[in-house]
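# Architecture and fold: a report
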Amino acid sequence: MRMVLLGAPGSGKGTQAAILSGRLGVPSISTGEMLRKAVSEGSALGRKIAGIMATGDLVDDETMAEVVRERLSLEDVRKGFILDGYPRTENQAETLNEILAERNLALDAVIHIDVPEDELVKRSLARHRDDDREEVIRQRQRVYLERTAPLVDYYAKRRQLTRVDGHQPIERVASDIVGSLPACEGPR
Ligand code: AP5
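What you see is a predicted model; the values in this text were computed from it and never measured.

Quick look at a negative patch on the surface now. Taken together, Asp 60, Glu 62, Glu 66 and Glu 70 make up a surface patch of like negative charges. Within the secondary structure layout, Glu 70 lies in helix 4 (residues 61-71). Overall, Glu 70 belongs to the exposed group, its relative accessible area being 58%.

In structure tokens, the structure reads:
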């Protein structure tokens, strides 16, 4: 199962990726988590992106291509993966297609977790992560609308998109996602 979780900041991508990873037996790959780890470790990547992360803007596509290409070359993604937070621009979606095509692979599912805007900000404010200051949250929402929301159409046109109502209890969202998936091998 090779899956992309698409949704605004606070829509529950990370929450669902963790649940689905356990249920489907494939790793969840959160680019946000990977980047936050790089920043907290002070690696070369972390030093390069710390300023951008702090404002809520997007890290550039070239840097993200390197990060994701390297992560998808690791052994644990052989059975599949759940991508949380990538792609976030059309350019990133094209890069992901290329990386998969090089291996004769394709995505099995792109899930759009749809949540009303006022609920999104409420959830992020309640979470208290380091980058969850209100102005940064609002900037992440703006960036999402401008740069990432067009991917909903991008995948819908390719008939790869499934919309799931994310404004429901966490377990309900998870069962709706699992129920929407094409048949695949491995535990559910
Ligand atoms: P990232 O970490 O991906 O942040 P995000 O997209 O802003 O998403 P969040 O983590 O805020 O929300 P989420 O949808 O995962 O929701 P969650 O499950 O946490 O990215 C951070 C930064 O990294 C970006 O701003 C950018 O700078 C950089 N970056 C990352 N990827 C990049 C890329 N590809 N390109 C360029 N830059 C990139 O849930 C939120 C809260 O709601 C939690 O408290 C949770 O418990 C709660 N919750 C979840 N589901 C429900 C529910 N159904 N009901 C009630 N509460 C719920």
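Counted according to the given criterion, the structure contains 1 cavity of 30 Å³ or more. Estimates place the volume of the largest cavity at around 70 Å³. Lining the largest cavity, in full, are Leu 5, Leu 6, Gly 7, Pro 9, Lys 13, Gly 85, Pro 87, Arg 88, Tyr 144 and Thr 148. Elements with a contribution of two residues or more to the lining of the largest cavity: strand 1 (2-6) and helix 7 (134-148). Here the residues of the lining of the largest cavity sort into 5 nonpolar, 3 polar and 2 charged.

On to the sheet that holds strand 1, then. Read across the open sheet, the 5 strands follow the order 2-3-1-4-5; overall the sheet is parallel. Two strands bound the open sheet, and with one partner strand each, they are strand 2 (28-30) and strand 5 (161-165). Taking each pair of neighbouring strands and ignoring which way they run, the sheet shows an average axis angle of 25°. By the bridge criterion, 5 bridges tie strand 4 (residues 109-114) to strand 5 in an arrangement that is parallel.

So, on to the pairing of strand 3 (residues 81-84). Both faces of strand 3 are covered, namely the face carrying Phe 81 and Leu 83 and the face carrying Ile 82 and Asp 84. Inspection of the sheet shows strand 1 paired to strand 3 by 4 bridges, in the parallel sense. Bridging across to strand 3, Met 3 finds its partner in Ile 82. Two elements, strand 2 and strand 3, share 3 bridges in a ladder whose sense is parallel.

What follows deals with the packing of aromatic side chains. As enumerated under the stated definition, the model contains 1 aromatic pair in all. Measuring from centroid to centroid gives 4.9 Å for Tyr 154 and Tyr 155, while their planes differ by 85°, and the two rings are edge-to-face. The residues Tyr 154 and Tyr 155 share a single accessibility class, namely buried. The ring of Tyr 154 is capped by Arg 158, whose NZ or CZ atom sits 3.6 Å from the centre of that ring.

A few words now on the site of the ligand. Near the ligand lie 29 residues; those nearest to it are Thr 15, Asp 57, Arg 88, Arg 127 and Gln 168. At 2.8 Å, a side-chain N or O of Thr 31 approaches a nitrogen atom of the ligand. Measuring from a nitrogen atom of the ligand, one finds a side-chain N or O atom of Gln 92 at 2.9 Å. In isolation the ligand exposes 1000 Å². Once the protein is present, 87% of that is buried. Taking a 2 Å distance to the grid points as the criterion, the majority of the atoms of the ligand fall inside the largest pocket.

So, about the packing of helix 4 against helix 5 (residues 90-102). Taken N-terminus to C-terminus, the directions of helix 4 and helix 5 make an angle of 30°; their axes are 10 Å apart at the nearest point. Taken together, helix 4 and helix 5 sit at an angle that is classed as roughly parallel. Where helix 4 crosses over helix 5, the handedness of that crossing is right-handed. Two secondary-structure elements touch here, helix 4 through Asp 61, Met 64, Ala 65, Val 68 and Arg 69 and helix 5 through Asn 91, Gln 92, Thr 95, Ile 99 and Glu 102. Within the contact of helix 4 with helix 5, the residues separate by chemical class into 4 nonpolar, 3 polar and 3 charged.

Tracing the sequence through the fold places Met 53 in helix 3 (residues 44-55). Judged by relative accessible area, Met 53 falls into the buried class, the value being 16%. Counting along the chain gives 83 residues from Met 53 to Val 136, while the straight-line C-alpha distance between them is 9.1 Å.

What counts as what
Numbering of residues begins from 1 in every chain and follows the order in which that chain's sequence is written. The predicted nature of this model means local features are confined to residues of pLDDT at least 70 and side-chain atom pairs, given and counted, to a pLDDT of 80 or more, with totals for whole chains, interfaces and linings taken over all residues. In computing side-chain properties, one takes all heavy atoms of the structure into account and sets aside hydrogens as well as water. Only residues above 30% relative accessible area that lack a salt bridge enter a patch, with like-charged residues linked at up to 9 Å and the nonpolar side chains Val, Leu, Ile, Met, Phe, Trp and Tyr linked at up to 5 Å. Areas reported as accessible are Shrake-Rupley estimates using a 1.4 Å probe. Residue values count occlusion only from the protein chains shown. By definition here, a salt bridge exists when the distance from a side-chain nitrogen of Lys or Arg to a carboxyl oxygen of Asp or Glu is within 4 Å. Positive: Lys, Arg. Negative: Asp, Glu. His and the chain ends are not part of the count. Here the site of a charge means atom NZ of a Lys, CZ of an Arg, CG of an Asp or CD of a Glu. Helix and strand labels come from DSSP, where a helix needs a run of H or I of at least four residues and a strand needs a run of E of at least two; each type is numbered from the N terminus. The buried label applies to any residue whose accessible area, calculated with a 1.4 Å probe on protein chains only, is under 20% of its type's maximum; exposed applies above 50%, and partly exposed to all values in between. Points on a 1 Å grid over protein atoms alone make up a cavity when a 1.4 Å probe fits among them but cannot get out, and a pocket when they form an open set with protein on both sides within 12 Å along at least five of seven lines; lining residues each have an atom within 4 Å of a point. Grid points are joined across faces, edges and corners, and a volume is the space filled by probe spheres set on the points. When residues are grouped by polarity, Ala, Val, Leu, Ile, Met, Phe, Trp, Tyr, Cys and Pro land in nonpolar, Asp, Glu, Lys and Arg in charged, and all others, Gly among them, in polar. Pairs of strands are assigned from DSSP output, requiring at least two bridges between the strands. Axes here mean lines fitted to C-alpha atoms, for a helix over just the part in contact, with angles spanning 0 to 180 degrees between N-to-C directions. Aromatic pairs are defined between Phe, Tyr and Trp rings, using the six-membered ring for Trp, whenever the two ring centres lie within 6.5 Å; interplanar angles under 30 degrees are classed as stacked, those over 60 as edge-to-face, and all others as tilted. The rule for a charge over a ring is simple: NZ of Lys or CZ of Arg within 6 Å of the ring centre, and within 35 degrees of the ring normal. Proximity is defined per residue: any heavy atom of the residue falling within 4 Å of a molecule or strand makes that residue near it. Residues adjacent in sequence count toward polar contacts only when both atoms are side-chain atoms; beyond that, a polar contact is any pair of N or O atoms within 3.5 Å, and within protein one must be able to donate a hydrogen and the other to accept it. More than half of a molecule's atoms within 2 Å of the grid points is what it takes for that molecule to sit in a cavity or pocket. Should an angle lie under 35 degrees it is considered roughly parallel, over 145 roughly antiparallel, and from 65 to 115 roughly perpendicular; all remaining angles are considered oblique. Crossings are classed by handedness, with left-handed meaning an anticlockwise turn of the near helix from the far one by less than a right angle and right-handed meaning a clockwise turn. What makes two residues a contact is simply this: any of their non-hydrogen atoms within 4.5 Å.

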